[in-house]
Structures are given as C-alpha cells and as structure tokens.
Amino acid sequence: MRLSVSKGSFVRSWQLAQTSIKSTPTITALGCVKCCAEGDSVTLMSTDLKTSVTCLAQGAVISEEGEAILPARIVGELIKKLPDSQFTLSAEEGKGYIEAGRSRYTFVTYPVEDFPILPTSETAKPLCALPVGDMIRLLKEGTFSGSPSEEFPQYLSAASIKVDGAKIETATTDIRRLSVSSVLLEEKPDDAASIVLPIKGLKDLERLLGGMDDAEPLHISYDNSQAYFSVPGVEFTVRCIDITFPPYEKMISPDYSTWMTIDRGGLEGALDRASVMVRNYGWMVILDLEPGGELVVRGVAPDVGEAVEALDADIGGEKLRIIFNVRYFLDGLQVLGSDKAFITFCGPSGQINLLRPGDDAFRYLLMPITLQEGEAQSLGATSREDVM
C-alpha cells in the first residue's frame, strides 16, 4: 500500500478514525487504525469492541492499493508534527513508512487478520434523521445525569434514546437526578422505537460530532446488537445494551408549590462561589425563597465559614428553604443554554425541576437533601433571619 497525502485534510480524517481508540488498549490491534486503499478511496477504521469508526480519508491519493494495520498514536503524532504539507504513507512486509522531503520514518505494522471485523449498517433498520447540531444538543443535555463508567444496575451508566411520533428523546438517571432532552424531527419515522446505549460510547460520539458542521445530516439506524450514526463519509457504531430502561416519565411530577424565574448566569455564579466553601462538607448548599422577594444562597461549612449571597428573582408560590448538592445543580445550569432559568420546587423534600422558560425540550430533575433536625442545626439553617 502506498498513498500520496495532503497533510491538513488527512490529519482531520485520522483524528476522526482515532475516536474509538482508548489510551490503554487490551489488544494490540485495538490501538491501531486499519487503512484500506482500494479503487479511488481510502478507508480508515478503528474499534475498542464496544464502539467503532469507519471514515473515508480526505487528502489521500492511492499510488498502490493495499491495506495495513498502523499504530494509531505513532502515526497520528508524526503526521500532525510534520513540517511538510505533502508526504507519502506506505506499508509492506510488516513495516510502515512516512516520507516527507528529506525525512523518513519507519514503524512496525501488524497483521491485517488481527483486526476485528467491524459491524456495518447495510441491513440496519432506520431510526430517524436529524442535523448534527441537534444530536449534539441531545447528547449534551440528556446524557450527563448517568455515570460514564460501568455501573450496576446497567441503566445507571446507560442512556435511553427513543423515537415516538415526530420527536427523538434522550434520558439518563442515577436515581438522585434525571436529565431529559428532546428534539422535533422534520420527518416523522414510520415506527416508534427505542434503544439503550452506554453513556461512555455516546460521549465518544459527541466528541466526534463536535468537529462537524451543525447542519450536516445525521442518520441513525439500529439492529439487534448495534446502533449506527452516519454522516457523509463517516459511520460511528455503538454496541446496544440489552436492558429495559426505567420508565422515567413516571419520575416526573407535574405538581409544584414554589416556582422561580432567575438569571441563569447570576445563579450559576453564586452557586459556584458557595461551592468553594462547602466542597469538603458534602457539597450542601441552602436556598431560601421568599415569594415576591429575593433568593438567598447560602453555603455553610461548620468550623470553616459560610458564603451568603442575595439575588433578584421572580418567585411565586410558597415560602421555601431547601438543601441540595450544589455540584448536581450546577451540572444542570451549565447545559441549560438560555439566559433565564425556570425552576420549580415541591416542598423541602420534593423534586426540583430545572427548565428553560416556556420550553419543555429540556428538563433536569434533582432530588434535594433531607437532613435530620440536628444536622440542619449544624448548618445554622434554623431560621430565615439567620441567613439575612
């Protein structure tokens, strides 16, 4: 195999191909990119056995057809650091070569038969189609409430992706919180369907899509074991998880007794500063809401100190004091994507719901922290006057 390569576009293709490669592969071939030069196209492939990428390489002209298994990190770093914009990439008899100007680099290649056979979407069933930008939003908003590491039960590290009518929806949960994001589809699919995928694989997909044009069309398909995400020239595959995702819709209560509309940036800043005080004390922060008045944010760490901030807010319903994990609250605010936040509360021990005002395409549900009387007193949270 021998290729004449233009550096800029080929490096971008190589970076896409590396998406499925992990830092410490258990098998040599899983740390490699398979390069196939046939006809007038060069295809790059990688896998970690749970996800895989296949992409058409840009900027490569075939001088000699063939295929090779190339060490991903070595080749990727070399071609990125080459001073020349043109180079040749070749492989024969267990050796690979990069030649640029008067420079020549030699490295070991691996047997083609060692590389796993990758799944393809040729016989997969279509799920839906949507722009890349909408898919990125679904992943950003809908997958942060679960765990990216493998957990048990499995749904704690998995995301539900379902299509019903003209809407696609993603959801994750760790029991203490739930995030749900939805997008309206331009074309209604023929059938309703749902798949469950590992959050870790979807985070890889989010990184891959992040370098693409938001308007690029993305097609999702699936079969009994895989989900396929395809854009022109690139296909990313994630192995499905064979479980039933919890009926999260039942977790969401339409009832609330206190509600608030507030500047998102101002609230995020106040909570971030309060978190500095409570980072070694359970990340617990107190909110005091006074209907028709203001919001008071308080972070108290016994034997350390306290942070108190008052913020303007439009508050309605019942007077409320509530305690929660500030890191979890910040997670929701950071993906909200609007200048204002609409937040509902259902008493001091009921669920908190974070939404964009007038928009239910994103919902973040968070359960508060319930303390015993003695624990509450240790925070100094016994009366509103203590906070003011």
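This text goes with the structure placed above it.
Peer 1: Outline the overall build of the chain, listing residues and values.
Peer 2: For the chain, the count of helices and strands is eight helices and 26 strands. Counting only C-alpha atoms, the chain reaches 80 × 50 × 35 Å along its principal axes. Residue burial in the chain is summarised as follows: out of 388 residues, 51% are buried. When contacts within the chain are restricted to residue pairs at least 6 apart in sequence, those whose partners lie at least 24 apart make up 68%. Put simply, the chain shows about 18,500 Å² of open surface, and 48% of that area lies on carbon and sulfur atoms. For the chain, the separation between the mean place of its 36 positive charges and that of its 55 negative charges on side chains is 4 Å.

Peer 1: Which residues make up the pairing of strand E20 (residues 294-301), and what values do they have?
Peer 2: Within a regular strand, the side chains alternate between the two sheet faces. For E20, the buried fraction is high: seven of the eight residues fall into the buried class. Relative to E20, strand E19 (residues 284-289) runs antiparallel, the two sharing five bridges. Within the sheet, the bridge partner assigned to Ile-286 lies in E20 and is Arg-298. Connecting the antiparallel pair E19 and E20 is a turn made up of four residues, with Gly-292 showing a positive phi of about 75°. As defined by bridge partners, E20 adjoins strand E21 (residues 305-312) across eight bridges and the pair is classed as antiparallel. Bridging across to E21, Glu-294 finds its partner in Asp-312. Between E20 and E21, which pair antiparallel one after the other, the connecting turn spans three residues, and Asp-303 there sits at a positive phi close to 70°.

Peer 1: Would you mind going over the sheet that holds strand E6 (residues 66-71) in detail, with residue names and values included?
Peer 2: Spatially, E6-E2-E3-E4-E17-E16-E15-E10 is the arrangement adopted by the eight strands of the open sheet, whose pairing is antiparallel. Since the sheet does not close on itself, it has two edges, and those belong to E6 and strand E10 (125-131), each with one partner. Across the sheet, the mean angle separating the axes of adjacent strands is 15° when strand polarity is ignored. Pairing of strand E16 (residues 226-231) with strand E17 (residues 234-239) involves six bridges; the strand directions are antiparallel. By the bridge assignment for E17, Tyr-228 is matched with Thr-237.

Peer 1: Outline helix H5 (residues 264-278), listing residues and values.
Peer 2: With 15 residues, H5 should reach 21 Å at 1.5 Å per residue; the first-to-last C-alpha distance of 21 Å fits that figure. Burial in H5 covers these residues: Leu-267, Glu-268, Gly-269, Ala-270, Leu-271, Ala-274, Ser-275 and Val-278. Capping of H5 at its N-terminal end is provided by Asp-263; its side-chain oxygen lies 3.4 Å from the backbone amide nitrogen of Gly-265.

Peer 1: Pulling in residues and values, what's your account of the nonpolar core?
Peer 2: Core analysis: the biggest nonpolar cluster contains 62 residues, and Met-135, Ile-168, Leu-209 and Phe-229 have the highest contact counts within it. Not counting residues up to four positions away in its chain, the partners in contact with Leu-209 are Val-132, Met-135, Ile-136, Leu-139 and Leu-218. Counting 34 residues, the second largest nonpolar core, distinct from the first, contains Val-297, Leu-311, Tyr-328 and Leu-354.

Peer 1: Give me the packing of helix H1 (residues 7-17) against helix H2 (residues 72-81): which residues, what numbers.
Peer 2: To describe two helices that pack against each other, one gives the angle between their axes and the distance between the axes. Packing of H1 against H2 leaves a shortest axis separation of 10 Å and a crossing angle of 155°. Judged on the interaxial angle alone, H2 and H1 are roughly antiparallel. Between H1 and H2 lies a crossing of left-handed hand. Touching Lys-7, Phe-10, Val-11, Trp-14 and Gln-15 of H1 are Ala-72, Val-75, Gly-76, Ile-79, Lys-80 and Lys-81, all from H2. Here the contact of H1 with H2 is composed, by residue class, of six nonpolar, two polar and three charged.

Peer 1: Run through the pattern of salt bridges, naming residues and quoting values.
Peer 2: In the structure shown here, the tally under the stated rule is 22 salt bridges. The partner of Glu-309 in a salt bridge is Arg-273, and the shortest N-O contact between them spans 2.6 Å. Of this pair, Glu-309 sits in strand E21 while Arg-273 is found in helix H5, placing the two residues 36 residues apart along the sequence. Through salt bridges with shared partners, a single network forms among Lys-22, Asp-48, Asp-204 and Arg-207.

Peer 1: Summarise the environment of Gln-58; cite the residues concerned and give the values.
Peer 2: By secondary structure assignment, the location of Gln-58 is in the loop between strand E4 (51-56) and strand E5 (60-64). In this structure the C-alpha to C-alpha distance between Gln-58 and Leu-82, which are 24 residues apart in sequence, comes to 17 Å. Look past the residues within four positions of Gln-58 in its chain and what remains in contact with it is Ser-9, Phe-10 and Ser-13.

Peer 1: Break down the packing of aromatic side chains for me, with residues and values.
Peer 2: Inspection of every chain in the model, using the stated rule, returns seven aromatic pairs. With 6.1 Å between their ring centres and 75° between their planes, Phe-245 and Tyr-248 make a pair best called edge-to-face. Exposure remark for Tyr-248: the relative accessible area of 3% places this residue in the buried category. On the basis of an interplanar angle of 45° and a centroid distance of 4.7 Å, the ring pair of Phe-324 and Phe-329 is categorised as tilted.

Peer 1: Could you give an account of helix H4 (residues 199-209), with specific residues and numbers?
Peer 2: Across the eleven residues that make up H4, a large majority, eight, are buried. All of the buried residues in H4 are Ile-199, Gly-201, Leu-202, Asp-204, Leu-205, Glu-206, Leu-208 and Leu-209.

Peer 1: Explain the sheet that holds strand E8 (residues 95-100) to me, and be specific about the residues and the numbers.
Peer 2: Sheet strands pair by backbone hydrogen bonding; their relative direction is either parallel or antiparallel. Spatially, five strands are ordered E5-E1-E7-E8-E9 in an open sheet, and the strand pairing comes out antiparallel. Looking at which strands have only one partner, the edges of the open sheet turn out to be E5 and strand E9 (103-108). Recorded for the sheet is a direction-independent mean angle of 20° between the axes of neighbouring strands. Relative to E5, strand E1 (residues 2-6) runs antiparallel, the two being bridged by four bridges. Across the sheet, Ser-4 pairs through a bridge with Val-61, a residue of E5.

What counts, and at which threshold
- One numbering rule holds for all chains: residues counted from 1, following each sequence as written.
- In keeping with the model being predicted, local features are shown solely for residues with a pLDDT of at least 70 and side-chain atom pairs are shown and tallied solely at 80 or more, while totals for entire chains, interfaces and linings include all residues.
- Excluding hydrogens and water, the side-chain values take into account all heavy atoms of the structure.
- Put simply, DSSP H or I for four residues or longer makes a helix, DSSP E for two residues or longer makes a strand, and each gets a number counted from the N terminus.
- Burial classes: relative accessible area under 20% of the type maximum marks a residue as buried, over 50% as exposed, and values in between as partly exposed (1.4 Å probe, protein chains only).
- It only takes one pair of heavy atoms within 4.5 Å for two residues to be counted as in contact.
- Throughout, the Shrake-Rupley method with a 1.4 Å probe supplies accessible areas, and for residues the shown protein chains are the sole cover considered.
- Counting rule for charge: Lys and Arg are taken as positive, Asp and Glu as negative, and neither His nor the chain ends is counted.
- By convention, the point assigned to a charge is CZ for Arg, NZ for Lys, CD for Glu and CG for Asp.
- Only when DSSP finds a minimum of two bridges between them are two strands counted as paired.
- Orientation is described by lines fitted to C-alpha atoms, with helices fitted over the stretch in contact, and by angles between N-to-C directions that extend from 0 to 180 degrees.
- By this rule, a helix spans an expected 1.5 Å times one less than how many residues it contains.
- We call two N or O atoms a polar contact when they sit within 3.5 Å, provided that within protein one can donate a hydrogen and the other can accept it, with sequence-adjacent residues counted only if both atoms are side-chain atoms.
- Throughout this description, the term nonpolar core refers to a set of buried Ala, Val, Leu, Ile, Met, Phe, Trp, Tyr and Cys residues connected via side-chain atoms within 4.5 Å.
- Angle categories: roughly parallel below 35 degrees, roughly antiparallel above 145, roughly perpendicular from 65 to 115, and oblique for all the rest.
- The crossing is said to be left-handed when, going from far helix to near helix, the turn is anticlockwise and less than a right angle, and right-handed when the turn is clockwise.
- Each residue is assigned to one of three groups, with Ala, Val, Leu, Ile, Met, Phe, Trp, Tyr, Cys and Pro labelled nonpolar, Asp, Glu, Lys and Arg labelled charged, and all others, Gly among them, labelled polar.
- Take a side-chain nitrogen of Lys or Arg and a carboxyl oxygen of Asp or Glu: if they are within 4 Å of each other, that pair is a salt bridge.
- Pairing of aromatic rings covers Phe, Tyr and Trp, the last through its six-membered ring, and needs centres within 6.5 Å; plane angles under 30 degrees mean stacked, over 60 mean edge-to-face, and all others mean tilted.

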